[in-house]
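Chain and residue survey
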Amino acid sequence: MGILWQNSFVAFLVLTVLLGGGGAWMTGRAVARSWSAVRILFVYMALLACGIRFLQFSLFGDGLLSLHYWLVTYAIYLIISFAGWRYTRTLQMVTQYRWLYERSGPFSWRDRASA
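What comes next is a walk through the structure. Note that the coordinates shown come from a computational prediction; the quantities given were computed from them, not determined experimentally.

This part is about the pairing of strand S2 (residues 108-111). Alignment of strand S1 (residues 101-105) against S2, held across 4 bridges, turns out to be antiparallel. Across the sheet, residue Glu 102 finds its bridge partner in S2, namely Arg 110.

This is how it looks when you write it as structure tokens:
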């Protein structure tokens, strides 16, 4: 038993990080593409964390109602989904408003320098 996983590190890596993390990234992208506020991610990631915890319970025998591991899963998904949201929002801002903004990194933009 670890702080991040309950029974199996491989199950944690495959189910929580790869499968659920991919879903969290895509959810963050979808929320950003619809120009929705970032606060809706808190609700969506809570639902995703419940679903993945159920899969870990049913497939690998992990505890279903473990608050600690649900919070760990939820925190991981919030971080990944916010990164997906911010990455997509950066692309949107520099594409939609290219005369105003330029990309300054994968997760940020800045005002375009006036010529």
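Back to the text.
Turning to its location among the elements, Leu 48 is positioned in helix H2 (residues 40-60). Accessibility expressed as a relative area gives 23% for Leu 48, which makes it partly exposed. Apart from residues lying up to four places away in sequence, Leu 48 is in contact with Gly 20, Gly 23, Ala 24 and Tyr 77.

Let's shift gears to the packing of H2 against helix H3 (residues 67-96). Orientation of H2 relative to H3, taken along the N-to-C sense of each, is 130 degrees, at an axis distance of 9 Å. What the angle tells us is that H2 and H3 run oblique. You can see that H2 and H3 cross each other, and the crossing is right-handed. From H2, Leu 41, Phe 42, Met 45, Ala 46, Leu 48, Ala 49, Cys 50, Ile 52 and Arg 53 reach across to H3, where they touch Tyr 69, Trp 70, Thr 73, Tyr 74, Tyr 77, Leu 78, Ser 81, Phe 82 and Trp 85. The class makeup of the residues in the contact of H2 with H3 is 15 nonpolar, 2 polar and 1 charged.

By secondary structure assignment, the location of Ser 66 is in the loop between H2 and H3. Of the polar contacts made by the side chain of Ser 66, one reaches the backbone nitrogen of Tyr 69; its length is 3.5 Å.

Let us now look at a nonpolar patch on the surface. Together, Leu 19, Phe 54, Leu 55, Phe 57, Leu 59, Phe 60, Leu 64 and Leu 65 make up a nonpolar patch on the protein surface, roughly 800 Å² of accessible area in all. For the nonpolar patch, the element with the highest residue contribution is H2, accounting for 5 residues. Positionally, Phe 60 belongs in helix H2. Under the relative-accessibility criterion, Phe 60 is labelled partly exposed at 42%.

Here we take up H2. The terminal C-alpha atoms of H2 lie 30 Å apart, and with 21 residues this matches the ideal 30 Å at 1.5 Å per residue to within 8%. Taken residue by residue, H2 has Leu 41, Met 45, Ala 46, Ala 49, Ile 52, Arg 53 and Gln 56 as its buried positions. All buried residues of H2 project into a common sector of 140 degrees when viewed along the axis, lining one side. Elements in contact with the buried residues of H2: helix H1 (9-33) and H3.

Here is what the cut-offs are and how they apply
- Each chain carries its own residue numbering, running from 1 in the direction its sequence is written.
- This being a predicted model, a pLDDT of at least 70 is required before a residue's local features are given, and a value of 80 or more before pairs of side-chain atoms are given or counted; all residues contribute to the totals for chains, interfaces and linings.
- No hydrogens and no water enter the side-chain calculation; it runs on all heavy atoms of the structure.
- Strand pairing is assigned whenever DSSP detects at least two bridges linking the two strands.
- For helices the rule is a DSSP run of H or I covering at least 4 residues; for strands it is a run of E covering at least 2, with both sets numbered from the N terminus onward.
- Only protein chains enter the area calculation, which uses a 1.4 Å probe; residues under 20% of their type maximum are buried, those over 50% are exposed, and those in between are partly exposed.
- Two residues form a contact once any of their heavy atoms are found within 4.5 Å.
- Only C-alpha atoms enter the line fits that serve as axes; for helices the fit covers just the stretch in contact. Angles between N-to-C directions range over 0 to 180 degrees.
- Small angles under 35 degrees read as roughly parallel and large ones over 145 as roughly antiparallel, with 65 to 115 read as roughly perpendicular and the rest as oblique.
- Each helix crossing is assigned a hand: it is left-handed if the near helix lies turned anticlockwise from the far helix by less than a right angle, otherwise right-handed if that turn is clockwise.
- Note that Gly is not counted as nonpolar here; it falls among the polar residues with everything else outside the nonpolar set of Ala, Val, Leu, Ile, Met, Phe, Trp, Tyr, Cys and Pro and the charged set of Asp, Glu, Lys and Arg.
- Any pair of N or O atoms that falls within 3.5 Å is considered a polar contact. Within protein, one atom must be able to donate a hydrogen and the other to accept it, and sequence-neighbouring residues count only if both atoms are side-chain atoms.
- The patches reported here contain residues having more than 30% relative accessible area and no salt bridge. Joining distances are 9 Å for like charges and 5 Å for nonpolar side chains (Val, Leu, Ile, Met, Phe, Trp, Tyr).
- Accessible surface area values rest on a Shrake-Rupley calculation with a 1.4 Å probe, where residue burial reflects the displayed protein chains alone.
- Salt bridge, as used here, is a side-chain nitrogen of Lys or Arg placed within 4 Å of a carboxyl oxygen of Asp or Glu.
- Expected span of a helix, by definition, is 1.5 Å for each gap between consecutive residues, and there is one gap fewer than residues.
- Of all possible arcs, the one meant is that of the directions from the helix axis to the C-beta atoms.

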